[in-house]
Amino acid sequence: IIGPGSSDIRINQIGYYPNGIKKAVIAVEPTTLEFALVDSGSKRTVYQGQLSEVFDWPLANEQVRIADFTEFQDPGEYVLYIPNLGNSHPFEIRSDVLNPVLEGSVKGLYFQRTGMALDEKHAGKWHRPAGHPDSLVAFHPSSGKQPGTIASPKGWYDAGDYNKYIINATFPLGQWFRLYEEYPETIPDDALNIPESGNGVSDYLDELKYELDWALTMQDEDGGLFHKLTTKNFEGMVMPHQATAERFIVGKSTAATLDFAACTAQAYRVYQDINPEYAKACLDASLKAYRWARENPEVLFSNPEDVHTGEYGDNDVADEWFWANAELFVSTGDSAFLEQMDLEAFDFEFRPGESWTGFMRFLGVFSMLDSGSFETSDSNYQHLRAGLLGSADELLRRSGQLPYFQPIDDFHWGSNSDVLNAAMILAQAYQLDPDPKYLQGVRQAADYILGNNPVGYSYVTGFGDRTPLFIHHRQSAADSIPEPVPGLLSGGPNSRLQDTTNGTVYPENVAPMKAWVDQEPSYASNEICLNWNAPLTYILGFLENQAD
Ligand code: 9MR
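So, a few notes on the structure that sits alongside this text.

## Things to note about the layout of surface pockets
Counted as a void, the largest pocket has a volume near 690 Å³. Taken together, 30 residues make up the lining of the largest pocket; nearest its centre are G310, Y312, W413, E527 and W532. Residue assignment for the lining of the largest pocket shows that the elements contributing at least two residues are helix 9 (355–370) and helix 14 (530–546). Ranked by residues supplied to the lining of the largest pocket, first place goes to helix 9 with 3 residues.

Listed below in structure tokens is the structure:
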């Protein structure tokens, strides 16, 4: 008899590819070392295997064994069964197994749309009135502008809060555009049931444009980018239309301007064929931003005294320069941009916790390697290729030593995005050198996110048998619907526990990989955020394109 899934059997709760690696982690010592795969429909045992030896795993404060059923390849729906533990959460084996969660990760953005009502036809039970039209937004003195207002509509909410931040609009857009540049067919028109479905353009590009349209409004006449559009304090846990505190255009910064320059240079390539006029406007905006940054190379942002929302401050803009130069070089072919980059000095080491402050330099490398801007015999190409493969090999070396096979061993705010950003490096490596070890590394990172992890949750809302119900997300908290908005990635374990004063309760002496709780106040472990969903979409999209 198949009962409720045991979270002591950690498994990818969505499923595995027929020809792919398939492993689960068993976190409690069983009485026998046998495990079985059971077909959920017929209840028949279809495969039997032996658990591995015990691994001591201090990062999760656990001793674990591994069930490896890679060899079993028949499509179907199964549970893994261990006599004294019961059965795992159900999962599937099939060739397009990750497609629903891939599409869900993009549909999740639709639910983050500002300035429009989400109707029942597209939003189902999560339909809601419009909030935040942002049609008259006042300049805060930190913007350097005379008192006045601008219209700055559209865009998505950044996270569980209702503000809009240029850094964290343009950096994740760069990750989403990367998937489109590599695999443009991944999400066609009519796939997502959004208002633009059926207009002849990929739903993916339609959804991304909703954000990019907003970012374009944040460019000042002089080319510089305002840093964010925000209230002075975070709003309460209420629905968008009830969160009506005044919003301001705050700050202007080199980092925001360069990220915008990079993202819009890339947008030029992405939209060129389907909307040449829009593409051209993006490139013009990019060049204008770049010129501003050349004249204002060190305008660092920190919150003005009366503003207490997300800062996205960064005191080192070298990575942003690299990304902007790279994208502009690829889009224009102008070697002046190449000359600005010191490729020899490029830092190929992936460091957890540096996502929106540093990972964009890798996005620049991905674009340069993918674009055909260099002959493959070019020494620049050779250097970047070798460096990236080296970085991927180092990640695999690290993940090979860890029972959950995740490529990081330090857990910061948004650690799930670190796992996925690292997996982006592995995915790029696989495209440069189709050695199955890289593909396997990417698949195992997806397994980790979707349930094969020490807390036994699939971290994507609504996808999996056991998923977060109490994300730190104002709409989900206030809408009186038990299930949170689907398709959103929880930040993941964060050993720094910055939210304990806010009512979040962690187990005592919690291990780093278990420092995650499904509690609404936990903004440091259980919030959702654009730059976490972006590499999720990339990785799922990449994997769907490798499936046979
Ligand atoms: O993702 C950000 C994380 O790296 C920082 O440590 C943290 C504190 O500054 O802020 C995170 O970003 C939040 C942003 O400031 C506001 N919107 C929600 C973001 C995710 O928690």
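So much for the structure itself; the text now carries on.
## Focus: the sheet that holds strand 3 (residues 23–26)
Here we have 4 strands laid out as an open sheet, ordered 1-3-7-6, and antiparallel in their pairing. At either end of the open sheet lies a strand with only one pairing partner, and these are strand 1 (9–10) and strand 6 (55–57).

## What about the site of the ligand?
If you check the shell around the ligand, you find D158, A159, D161, Y165, G310, Y312, W356, W413, E527, C529 and W532 and nothing else. The side chain of W356 places a nitrogen or oxygen atom 3.1 Å from an oxygen atom of the ligand. In isolation the ligand exposes 450 Å². Once the protein is present, 77% of that is buried. Taking a 2 Å distance to the grid points as the criterion, the majority of the atoms of the ligand fall inside the largest pocket. Grouping the constituent residues of the shell around the ligand by class yields 7 nonpolar, 1 polar and 3 charged.

## Quick notes on the packing of aromatic side chains
Summed over the entire model, instances satisfying the criterion amount to 33 aromatic pairs. Consider the rings of Y312 and W356, whose centres lie 4.9 Å apart with planes at 80°: the pair is edge-to-face. Of this pair, Y312 sits in the loop between helix 6 (276–295) and helix 7 (318–332) while W356 sits in helix 9, and the two are 44 residues apart along the sequence. Residue classification places W356 among the partly exposed positions, given a relative accessible area of 23%. Members of the aromatic cluster, joined through ring pairs, are Y16, F35, Y47, F69, F72, Y78 and F91. Directly above the aromatic system of Y210 lies the positively charged group of R113, at a separation of 4.5 Å from the ring centroid. In this structure, K232 is placed above the aromatic ring of F248, and the distance from its NZ or CZ to the ring centre is 4.9 Å.

## Thoughts on the pairing of strand 3
Here strand 3 shows a buried face lined by K23 and V25 and a second buried face lined by A24 and I26. As paired elements, strand 1 and strand 3 share 2 bridges and run antiparallel to each other. The residue of strand 3 that forms the bridge with R10 is V25. Pairing of strand 3 with strand 7 (residues 62–68), which is carried by 4 bridges, proceeds in the antiparallel orientation. Its bridge partner being in strand 7, I26 is matched across the sheet by R65.

## As for helix 7
Structurally, the α-helix is built with 3.6 residues per turn, so residues lying three or four positions apart point the same way. In a regular helix each residue adds 1.5 Å, so 15 residues correspond to 21 Å; helix 7 covers 21 Å between its end C-alpha atoms and thus fits that length. A positive backbone phi angle near 70° is found at G333, which sits one or two residues after helix 7.

## What about the nonpolar core?
Ranked by size, the top nonpolar core spans 150 residues in total, and within it Y271 and M368 carry the most contacts. Examining the composition of this core, we find that 12 residues originate from one element, helix 5 (residues 254–271), more than from any other. Looking at this core, you find at least three residues from each of domain 1 (9–93) and domain 2 (99–456 + 528–546). Ignoring sequence-local partners within four residues, the contact set of M368 consists of F322, A326, F329, V330, M341, L343, F374 and L384. Core analysis: the next-biggest nonpolar cluster, separate from the first, contains 18 residues, I11, A24, L37 and L80 among them.

## Concerning empty space enclosed by the protein
Evaluated as defined, the whole model comprises 3 cavities of 30 Å³ or more. Lining the largest cavity are N12, G15, Y16, Y17, G20, I21, L98, R443, A446, D447 and L543. Elements that contribute at least two residues to the lining of the largest cavity include exactly strand 2 (15–16) and helix 12 (436–449). Among the elements that line the lining of the largest cavity, the one with the most residues is helix 12, at 3 residues. Partitioned by chemical class, the residues of the lining of the largest cavity number 6 nonpolar, 3 polar and 2 charged. Looking at which domains feed residues into the lining of the largest cavity, each of domain 1 (9–93) and domain 2 (99–456 + 528–546) gives three or more.

## Side note on the packing of helix 1 (residues 99–110) against helix 14
Helix 14 packs onto helix 1 with a crossing angle of 150° between their chain directions and a minimal axis gap of 9 Å. The orientation of helix 1 relative to helix 14 falls into the category roughly antiparallel. Between helix 1 and helix 14 the crossing geometry is left-handed. Across from N99, V101, L102, S105, V106 and L109 in helix 1, the residues of helix 14 making contact are L530, N533, L536, T537, L540, G541 and E544.

## Focus: the pattern of salt bridges
Any two side chains of opposite charge can pair if their charged atoms end up close together. Counting across every chain of the model gives 33 salt bridges. The partner of K252 in a salt bridge is D222, with the nearest N and O atoms 2.8 Å apart. Of this pair, K252 sits in strand 15 (residues 248–252) while D222 sits in the loop between helix 4 (203–217) and strand 14 (226–230), and the two are 30 residues apart along the sequence. Here K252 falls in the buried class, since its relative accessible area comes to 13%. Using a relative accessible area of 40% as the deciding quantity, one classes D222 as partly exposed. R269 is paired through a salt bridge with E327; the nearest N and O atoms lie 2.7 Å apart. Here R269, found in helix 5, pairs with E327, found in helix 7; they are 58 residues apart in sequence, far enough to count as distant. Each member of the pair, R269 as well as E327, carries the same accessibility label: buried. Here the salt bridges do not stand alone but share partners, grouping R178, E181, E182, R269, E327 and D370 into one network.

Calculation criteria
Residues numbered from 1 in each chain as written. Predicted model: local features only at pLDDT ≥ 70, side-chain atom pairs only at ≥ 80, totals over all residues. Heavy atoms only, no water. 1 Å grid on protein atoms, 1.4 Å probe; cavity = no way out; pocket = protein on both sides within 12 Å on 5 of 7 lines; lining within 4 Å. Points joined across faces, edges and corners; volume = space filled by probe spheres on them. Helix = DSSP H or I, 4+ residues; strand = E, 2+ residues; numbered from the N terminus. Pairing = 2+ DSSP bridges. Near = heavy atom within 4 Å. Polar contact = N/O pair within 3.5 Å; in protein donor to acceptor, adjacent residues only side chain to side chain. Areas by Shrake-Rupley, 256 points an atom, 1.4 Å probe, with all protein chains shown as cover. Sits in = over half its atoms within 2 Å of the grid points. Nonpolar A, V, L, I, M, F, W, Y, C, P; charged D, E, K, R; others polar. Phe/Tyr/Trp six-rings, centres within 6.5 Å; stacked < 30°, edge-to-face > 60°. Buried < 20%, exposed > 50% of the residue type's maximum accessible area, 1.4 Å probe, protein only. Lys NZ or Arg CZ within 6 Å of the ring centre and 35° of its normal. Expected span 1.5 Å × (residues − 1). Core = buried A, V, L, I, M, F, W, Y, C linked by side-chain atoms within 4.5 Å. Domains from an automatic or database assignment. Contact = heavy atoms within 4.5 Å. Axes fitted to C-alpha atoms, helices over the stretch in contact; angles between N-to-C directions. Parallel < 35°, antiparallel > 145°, perpendicular 65-115°, else oblique. Left-handed = near helix turned anticlockwise from the far one by under 90°. Salt bridge = Lys/Arg side-chain N within 4 Å of Asp/Glu carboxyl O.

Interpretation note: all reported values are geometric properties and have no functional meaning in isolation.
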